[in-house]
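# Breakdown of the fold
Read off the chains here:
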Amino acid sequence: MDINIEFARKTSLAYNRTCKSLCQELKLPQTAFDILMFLANNPEFCTARDIVEIRKLKANLVSVNVDKLVCDGYLERHAVKSDRRTEKAQPIIAKGRQLQQDFIDRILTGLDNETRQKFLEILNIMDQNLDNILKGEA
């Protein structure tokens, strides 16, 4: 089986489609939801610059959506690098994490537990190999 760019594109499209009803319910644009979930799932990254660099989003798009999240009371601005999520954001984050887990479960449908575990092991090895490539190692 050849895995090509189509796989990543389809994954992204399917994830966005899965998020659509929750984003509509919350009255949040997909990008704002993605930013909130990124901050929740990656607490070591908490600045707009982190979001731009790691998520590869345009700075102006991040700025507009962070402003929306602040205005809606889901994020706070701090002078120091720290967790900016508010208590008001917690129910959204919980729903978002459940949505993400359901999405993973759906794309792994048909795989038994042993195969799922092996797949995760393979992904971890591939992740380490990518880190080595980026560090200039073998």
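Rules behind the numbers
Residues numbered from 1 in each chain as written. Predicted model: local features only at pLDDT ≥ 70, side-chain atom pairs only at ≥ 80, totals over all residues. Heavy atoms only, no water. Helix = DSSP H or I, 4+ residues; strand = E, 2+ residues; numbered from the N terminus. Expected span 1.5 Å × (residues − 1). Buried < 20%, exposed > 50% of the residue type's maximum accessible area, 1.4 Å probe, protein only. Contact = heavy atoms within 4.5 Å. Patch = residues over 30% accessible without salt bridge, like charges linked within 9 Å, V, L, I, M, F, W, Y side chains within 5 Å. Areas by Shrake-Rupley, 256 points an atom, 1.4 Å probe, with all protein chains shown as cover. Salt bridge = Lys/Arg side-chain N within 4 Å of Asp/Glu carboxyl O. Core = buried A, V, L, I, M, F, W, Y, C linked by side-chain atoms within 4.5 Å.

## Examining helix α2 (residues 30–41)
Turn by turn, an α-helix covers 3.6 residues, leaving residues three or four places apart pointing in a common direction. Between its terminal C-alpha atoms α2 stretches 16 Å, which fits the 16 Å expected from 12 residues at 1.5 Å a residue. Listing the buried residues of α2 in full gives Thr31, Ala32, Phe33, Asp34, Ile35, Leu36, Met37, Phe38, Leu39 and Ala40. At its buried positions, α2 is contacted by α1 (5–26), α3 (48–55), α4 (59–71) and α5 (90–107).

## Digging into the environment of Arg17
Among the secondary structure elements, Arg17 is positioned in helix α1. When the C-alpha atoms of Arg17 and Gln30 are compared, they prove to be 9.8 Å apart, with 13 residues separating the residues in sequence.

## Brief notes about a nonpolar patch on the surface
On the surface, Phe119, Leu120, Ile122, Leu123 and Met126 cluster together to form a nonpolar patch covering roughly 420 Å² of accessible area. Tracing the chain through its elements places Leu120 in helix α6 (residues 113–134). For Leu120, a relative accessible area of 42% translates into the label partly exposed.

## What to know about the pattern of salt bridges
Tallied over the full model, the rule gives 6 salt bridges. A salt bridge links Glu121 to Lys118, with the nearest nitrogen and oxygen atoms 3.7 Å apart. With Glu121 and Lys118 both in helix α6, this residue pair falls 3 residues apart, about one helical turn. Residue class for Glu121 comes out partly exposed when judged on its relative accessible area of 37%.

## Some remarks on the nonpolar core
Ranked by internal contacts, the top residues of the largest apolar core, which has 26 residues, are Leu28, Phe33, Ile35, Leu36, Ile51, Leu69 and Ile92. Listed by contribution, the elements that provide at least two residues to this core are α1, α2, α4 and α5. When residues in this core are grouped by element, the largest group, 8 residues, is from α2. Setting aside residues no more than four positions away along its own chain, Ile51 makes contact with Ile35, Phe38, Leu39, Lys56, Leu57, Val62 and Val66.

## Observations regarding unusual backbone geometry
One non-glycine residue, Lys27, lies in positive phi territory at about 60°. Following the sequence through the fold, Lys27 ends up in the loop between α1 and α2. Phi is positive for Lys56, which is not a glycine, with a value near 60°. You can see Lys56 is positioned in the loop between α3 and α4. Judged by its relative accessible area of 67%, Lys56 falls in the exposed class.

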